[in-house]
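The primary structure of each chain is shown beneath.
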Amino acid sequence: MKGDPQRPEECPEPPPSPSPLSSSSSSSSSAPGEAEGAEQKPPPPVWIFGYGSLVWRPGFEFTSRKVGFIRGYSRRFWQGDTFHRGSERTPGRVVTLLEDCGACTWGVAYEVRGEQIAASLQYLNMREAVLGGYDTKLVKFHPQDKDAEEPILALVYIATPQNPSYLGPASEEDIAAQIIVSSGCAGHNIEYLLRLADFMRYFCPQAEDKHLFSIEEALISILPCLYCTEESLEETAGVPQKANS
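The structure presented is a predicted model; accordingly, all values stated were derived computationally and were not measured. Residue numbers run consecutively from 1 along every chain, following the written order of its sequence. Only residues with pLDDT of at least 70 are given local features in this predicted model, and only at 80 or more are side-chain atom pairs given and counted; all residues enter the totals for whole chains, interfaces and linings. With hydrogens and water excluded, all non-hydrogen atoms of the structure serve as input to the side-chain values.

### As for the pattern of salt bridges
Salt bridge, as used here, is a side-chain nitrogen of Lys or Arg placed within 4 Å of a carboxyl oxygen of Asp or Glu. Per the counting criterion, the structure on display carries nine salt bridges. Here arginine 75 and aspartate 209 are joined by a salt bridge, their closest N and O atoms 2.9 Å apart. Of this pair, arginine 75 sits in strand 2 (residues 64-81) while aspartate 209 sits in the loop between helix 5 (189-203) and helix 6 (210-238), placing them 134 residues apart in sequence. Using a 1.4 Å probe on the protein chains alone, a residue whose accessible area is under 20% of its type maximum counts as buried, one over 50% counts as exposed, and one in between counts as partly exposed. Since its relative accessible area comes to 4%, arginine 75 is described here as buried. Between arginine 201 and glutamate 216 there is a salt bridge, and its shortest N-O distance comes to 2.7 Å. Here glutamate 216 lies in helix 6 and arginine 201 lies in helix 5, a separation of 15 residues in the sequence. The helix count covers DSSP runs of H or I at least four residues long, the strand count covers runs of E at least two residues long, and both are numbered beginning at the N terminus.

Structure follows, in structure tokens:
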């Protein structure tokens, strides 16, 4: 893909020289330190990129959000979850990012400003880092908007193989089978998979995510078999047993 066009630098015009009258009047009417206080600006906004459950449930207040992608990463269901979508006995499978120079991952970037910055980072540190095992990185986010000219620097949470909950690669069928039996405090692992697939299908229809949709397809193919098996077990349990002659 071609790089995003950069806006040429513009040289600002020099400000007009103040007259002695205006200079003396401003200096006499302003108390020491007032000018410095007036020049203080609020902190710049922070952008947070989500590619998993953050795309539909951020859990924090934000000013704006944009759909878009980051380059150099692939999304994979390789992170274990023993709290939100699983338990210690049956860990769930949630997504993390794998470095992949030729790939891109779609998601949502949230803009937080002012008091929202500290509140959102404190919340996400607990949700993603403490309970999820994720680390933080800065990435370049490319908005889907056609009028966007330059990428936005955004914070992203990535689970690395060094964290204790990392499960690593498995076949799409095995991942789907693990998702089917896992549930945690935030809900069933199936919901997590289907919501993420729906987001990609409706908000990023032009994008490909073979890994995600292959797991969804495997899960859908397993569910009827699981239902029939449970139904057969219920029927067998309801049949009265004949006494031995």
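### Focus on a nonpolar patch on the surface
Only residues whose relative accessible area exceeds 30% and that take part in no salt bridge are eligible for patches, with like-charged residues grouped when within 9 Å of each other and nonpolar side chains (Val, Leu, Ile, Met, Phe, Trp, Tyr) grouped when within 5 Å. Per-residue and other accessible areas follow the Shrake-Rupley method at a 1.4 Å probe size, with only the shown protein chains counted as cover for residues. Nonpolar side chains collect at one region of the surface, where Phe83, Met126, Val130 and Leu131 lie side by side and expose about 330 Å² of accessible area between them. Its place among the elements puts phenylalanine 83 in the loop between strand 2 and strand 3 (92-112).

### A word on the packing of aromatic side chains
Working definition: rings of Phe, Tyr and Trp (its six-membered ring) pair if their centres are within 6.5 Å, and the pair is stacked with planes under 30 degrees apart, edge-to-face with planes over 60 apart, and tilted otherwise. Going through the model one piece at a time under the given rule, you end up with nine aromatic pairs. A ring pair is formed by phenylalanine 49 and phenylalanine 141, whose centres lie 5.6 Å apart and whose planes are at 45°; its orientation type is tilted. With phenylalanine 49 in strand 1 (residues 46-50) and phenylalanine 141 in strand 4 (residues 135-143), this residue pair connects regions lying 92 residues apart in the sequence. Taking the relative accessible area as the measure of exposure, phenylalanine 141 reaches 0% and is therefore buried. For the pair phenylalanine 60 and phenylalanine 62, a centre-to-centre distance of 6.5 Å together with 75° between the ring planes defines the contact as edge-to-face. A connected cluster of aromatic rings, assembled from ring pairs, spans Phe49, Tyr51 and Phe141.

### A few points about the nonpolar core
A general trend in soluble globular proteins is that nonpolar side chains are found buried together. Here, nonpolar core means buried Ala, Val, Leu, Ile, Met, Phe, Trp, Tyr and Cys residues that are tied together by side-chain atoms lying within 4.5 Å of each other. Judged by nonpolar contacts, the single largest core of 49 residues is most densely connected at Tyr51, Phe77 and Ile179. The leading source of residues in this core is strand 3, at eight residues.

### Considering the pairing of strand 4
Across three bridges, strand 2 lies against strand 4 in antiparallel orientation. Looking across to strand 4, one finds that glycine 68 is bridged to proline 143. Strands qualify as paired when DSSP identifies two bridges or more between them. Relative to strand 5 (residues 152-158), strand 4 runs antiparallel, the two sharing seven bridges. Note on strand 5: the bridge partner recorded for lysine 137 is valine 156.

### Considerations on the confidence of the model for the protein chain
The predictor reports its confidence for every residue as pLDDT, a score running from 0 up to 100. Mean pLDDT over the protein chain stands at 82; residues scoring 70 or higher make up 76%. Taken element by element, the predicted model of the protein chain shows its lowest mean pLDDT in helix 1 (residues 20-29) (39) and its highest in strand 1 (98). Across residues 1-33 the pLDDT falls below 50, and counting only partners more than four positions away or on other chains, this stretch makes 12 contacts in the model. The contact rule is simple, with two residues in contact once any of their heavy atoms fall within 4.5 Å. Across residues 241-245, where pLDDT falls below 50, the model places one contact with residues more than four positions away in sequence or in other chains.

### Notes on the environment of glutamate 128
Relative to the helices and strands, glutamate 128 resides in helix 3 (residues 115-130). Taking the relative accessible area as the measure of exposure, glutamate 128 reaches 11% and is therefore buried. Spatially, the C-alpha atoms of glutamate 128 and isoleucine 158 are 8.8 Å apart, while their sequence positions differ by 30 residues. Here glutamate 128 is in contact with Leu54, Gly133, Tyr134 and Tyr157, once residues within four sequence places are set aside. Here the side chain of glutamate 128 touches arginine 127 through a polar contact of 3.2 Å, side chain to side chain. Polar contact is defined as a pair of N or O atoms within 3.5 Å, subject to the rule that within protein one atom must be able to donate a hydrogen and the other to accept it, and that residues adjacent in sequence are counted only when both atoms are side-chain atoms.

### Thoughts on helix 4 (residues 172-180)
Turning to helix 4, its buried residues are Ile175, Ala176, Ile179 and Ile180. Across the axial projection of helix 4, the buried residues extend over an arc of 140°, all falling on one side. It is the directions from the helix axis to the C-beta atoms whose arc is reported.

### Things to note about the sheet that holds strand 1
An order of 1-3-2-4-5 is seen for the five strands of this closed barrel, with the pairing classed as mixed. On average, each strand axis in the sheet is tilted by 45° relative to the strand beside it, whichever way the strands run. Only the stretch in contact is used when a helix axis is fitted, and all axes are lines through C-alpha atoms; the angle between N-to-C directions ranges over 0 to 180 degrees. Relative to strand 5, helix 3 is tilted by about 25°, and along the sheet it contacts strand 1, strand 3 and strand 5. Those strands touched by helix 4 are strand 2 and strand 3, and its axis lies near 40° from that of strand 3.

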